Amino acid sequence: MQAVEKLHCQSPGCSIQVSRIMRPDDANIAGNVHGGTILKMIEEAGIIISTRHCNRQNKERCVAVLARVERTDFLSPMSIGDVAHVSAEITYTSKHSVEVQVNVMAENILTGAKRLTNRATLWYVALSLENVDKVVEIPSVQYANPEQQEEGRKRYEAQKLDRIETKQRSEDIIFPAINVEPYTVGYSQSSLIHLVGPSDCALHKFVQGGVTMKLMDEVAGIVAARHCKTNIVTASVDAINFHQKIQKGSVMTVSGRMTFTSNKSMEIEVFVDVDHVMESPKGKAPAVTAFFTYVSLDKEGKALPIPMLKIETEDEKRRFEEGRNRYLLTKAKRMAQMQKSQ
Amino acid sequence: MQAVEKLHCQSPGCSIQVSRIMRPDDANIAGNVHGGTILKMIEEAGIIISTRHCNRQNKERCVAVLARVERTDFLSPMSIGDVAHVSAEITYTSKHSVEVQVNVMAENILTGAKRLTNRATLWYVALSLENVDKVVEIPSVQYANPEQQEEGRKRYEAQKLDRIETKQRSEDIIFPAINVEPYTVGYSQSSLIHLVGPSDCALHKFVQGGVTMKLMDEVAGIVAARHCKTNIVTASVDAINFHQKIQKGSVMTVSGRMTFTSNKSMEIEVFVDVDHVMESPKGKAPAVTAFFTYVSLDKEGKALPIPMLKIETEDEKRRFEEGRNRYLLTKAKRMAQMQKSQ
Amino acid sequence: MQAVEKLHCQSPGCSIQVSRIMRPDDANIAGNVHGGTILKMIEEAGIIISTRHCNRQNKERCVAVLARVERTDFLSPMSIGDVAHVSAEITYTSKHSVEVQVNVMAENILTGAKRLTNRATLWYVALSLENVDKVVEIPSVQYANPEQQEEGRKRYEAQKLDRIETKQRSEDIIFPAINVEPYTVGYSQSSLIHLVGPSDCALHKFVQGGVTMKLMDEVAGIVAARHCKTNIVTASVDAINFHQKIQKGSVMTVSGRMTFTSNKSMEIEVFVDVDHVMESPKGKAPAVTAFFTYVSLDKEGKALPIPMLKIETEDEKRRFEEGRNRYLLTKAKRMAQMQKSQ
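Let us look at the structure shown here. Treat the numbers as computed from the prediction; the structure is a model and nothing was measured. (Residues numbered from 1 in each chain as written. Chains lettered and ligands numbered in written order. Predicted model: local features only at pLDDT ≥ 70, side-chain atom pairs only at ≥ 80, totals over all residues. Heavy atoms only, no water.)

## Some thoughts on the relation of the copies chain B and chain C
Here is step 1: The two copies are related by a screw motion: chain B maps onto chain C through a turn of 180° and a shift of 0.0 Å along the axis, at an RMSD of 0.2 Å. The relationship between the two copies is best expressed as a two-fold rotation axis. Considering only C-alpha atoms, the part of chain B nearest the rotation axis is Leu192 of chain B, at 1.9 Å.
Here is step 2: Most of the interface of chain B is mirrored in chain C: 100% of its interface residues are interface residues there too. (Least-squares fit on C-alpha atoms with pLDDT ≥ 70 in both. Contact = heavy atoms within 4.5 Å.)

## Thoughts on the interface of chain A and chain C
Here is step 1: If you look at the interface, chain A gives 33 residues, while chain C gives 33 residues.
Here is step 2: Summed over both sides, the interface between chain A and chain C buries roughly 2700 Å², with carbon and sulfur atoms accounting for 63% of that surface.
Here is step 3: In this structure, the connection of chain A to chain C is made through two salt bridges.
Here is step 4: Across the pair Glu107 of chain C and Arg52 of chain A runs a salt bridge, and its minimum N-O distance is 2.5 Å.
Here is step 5: Remark: the boundary between chain A and chain C carries nine residue pairs in polar contact (both at pLDDT 80 or more).
Here is step 6: Of the residues assigned to the side of chain A that touches chain C, the class counts are 17 nonpolar, ten polar and six charged. (Buried area = accessible area lost by both parts, 1.4 Å probe. Salt bridge = Lys/Arg side-chain N within 4 Å of Asp/Glu carboxyl O. Polar contact = N/O pair within 3.5 Å; in protein donor to acceptor, adjacent residues only side chain to side chain. Nonpolar A, V, L, I, M, F, W, Y, C, P; charged D, E, K, R; others polar.)

## Observations concerning the interface of chain B and chain C
As a measure of interface size, the accessible area lost when the parts come together is often cited.
Here is step 1: Tallying the contact residues gives 93 residues for chain B and 94 residues for chain C.
Here is step 2: Between chain B and chain C, a total of about 8200 Å² is buried, with carbon and sulfur atoms accounting for 59% of that surface.
Here is step 3: Linking chain B to chain C there are six salt bridges.
Here is step 4: Put simply, Asp73 of chain C and Arg334 of chain B hold a salt bridge, and the shortest N to O gap is 4.0 Å.
Here is step 5: With ten residues, helix α4 (residues 209-228) of chain B is the single largest residue contributor to the side of chain B that touches chain C.
Here is step 6: Pairing analysis gives two bridges linking strand β8 (residues 231-237) of chain B to strand β3 (residues 72-74) of chain C, with the strands arranged antiparallel. When the sheet's bridge partners are listed, Ser236 of chain B is paired in β3 of chain C with Asp73 of chain C. (Helix = DSSP H or I, 4+ residues; strand = E, 2+ residues; numbered from the N terminus. Pairing = 2+ DSSP bridges.)

Structure below.
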């Protein structure tokens, strides 16, 4: 993801910073902070700044709801005791959506060292507080120059296309049986359920997107650890689209399966289904899907080789090929960017 | 507890699995997961499956409420980093109760080793969402054979008997004499204990001061609420000094007692004592003390009058006078400041 | 507390802002955020900025520890959904202490309204990471003018005097008589109070049974640890019956006392009482009771012998005998089952 130029913004409401100390529960047993903890903080900053923006024009009261997160890379691991500084600002608005750009810095307050660990882009829509099925219009932001606005419009169009594509894909989920042969898909496949509680929904009666992303990362991490039996850390998350609001009192089922392994990384597909236990038995409905990439680290933090995923079915083969394509595409993009910046 | 034969069940709602990684806060300082963490996960699986079952027939919306847990053995300790898999299924239904059988497996995702750590049986009843005093009927499950149903009926009758017995027994427990005369110091006096966990100590091995202050405010708030039975809010905290470091693994005892009431405010004295349970028995040592002032608010947020504290002993009288002096001093200082700023 | 003039500080490390959305768990049932939540956030900002400052000069690595908080007023209540902005800066340093001034603003992101809710002053000392008993020197800050430094020195002297006074006072507090003879029932007896919050009641307005069991295990574990001073783990829980619904906003009192010890196990009886503080003064009602069995483990996980419980009264003797009967009955059942399965 390329850095986005800052908007011309004097008012204090244009940016926000969320900071806190990383605690033991935020990290795995090797002391590396979970990617999910960071994703949750990123979304907290995003929902604050976009809800604030949408209510700027004194009309209908509304709340921002996460619609999409662009691909996010975890550039450097964070540790217990580090202070995470998450700063967010609005970089583009369309008629019905807000783009928020977020930077995460890790600060070691003992040595004073600071480093950029993440850069993320989130898209929010605003729903009326009176009627949560009504999408409200977004006040537009001021741009420093026409180019800045044009760049934003391009990003907006690109993500819009991608959102339609994912929407179609997420509807053909199949849960296979469990298989104990090492390194097969069934071997590491995992799922968890979460009962949506009040603190998952602070601003409205729906789950905050950050809560969902944290759970997805937790499952992906278990899949990765089962496959490699080592210290694993989140390297990146592909774009995630949120197609459905998840209500307080629902049961979320979060499932993950490995789709692809390269020499030094593994890709895990994660699904979220929602079950409204208190309502009529309409069964589960798919809510979110995403691809997480993990790497395996030795004690010095160096990347270890990943055991190759053992493919058993035609579907697994197809998914492995798709994963390889995503992997090669990302690699190619990164090389193009490096050459550009030289 | 003997294993219960599985019900003949095709539908996806018949069983559920809750899994998550054991975190530092789930365990004691030796790294063993608290039994309470497991019991809480067991019940989470139980409430989901039984609420889902009770709402299967499209009649009255209802929620399951735990009525009884059978004797539960902890067969093997679990550690931080293990994944706990809690799977629950419904094994019997009577007219008004559901039996849920739960198995807990601990998986070391690094070695792949799995072991059974618990087997539990829970009984739920279902209450109407509209009227929580109404017990609703439970849809019956299908059994594989008549013997299975008969075994369930026997377990049901056995627990029913035992429940009546415990009910009788628990009624003649005599509690330590508590001063029940309203508005005395003893009437609202409260204390709590808190086991210092890893997340209370992110930066070093001592409790962060903020954690201590939060616990102190919690106790002061309970004292205030017990005195007034209204919505109470913290108005101020006097200076607090921290004389002693509190180490991870210690037990903090936080106690509060009311010392003074004015027309519209009440003062609560809070003590923190520390018990280093894992060290030599040097007993408790006072670590922190402070005075909290609370006000009582009506629905519009206006301050309500406070019932006057009933004084019974010489010590209480002395403390009341000291409280009044602090109150008058603060009032005088505030007036002086207001005049200065005019 | 008067506002303190800002230090002349260009470097970004001189101030910090911690922000987050207020969640249901941060507030009481009337929706007012607990003072304790705010105090905890204030201290989080304080510890970050002062630890960072103390490590500025590249000498000994150290961490800041809270020594004192000045009187703090809560100027206006905060609500669920508000964003709390806590900003801290260093306003004075003596040789061994740092003064941090903190401002808390509440922002309603729906209306855009902001208001000052707190102003607090905290004093930290810095301890060496190598040797936590060693207080390290604080690098001094630059002042805008000599008056600013002089004002700070006065505040420093004033709090120093006050700290000595409180230290003396808190030493002659007399605590309720506790039985200090080791291994008696009174020696390990413990209780805690818990204010039922929103997250304890995810599906309905009553406490989930699992929350209650977790609290019961917490108290039982503290009783066991106080008795043995070793690593203790839950071995089993007898059947528990839940006779009463516990409502959100109630205060639960969970008490535990040791009833029986065998060679390698100890039995703890736990009671839960409920106090509906917001309702008419009907006092406490017993809600749940249970027996927990704990064992004590050495570093290899082998069971250690348990110090025998010292019996002092007739009631204790009767309860000890009852405990022994339960113990023998369980043992007999287990042996019968083992023989059956052979």
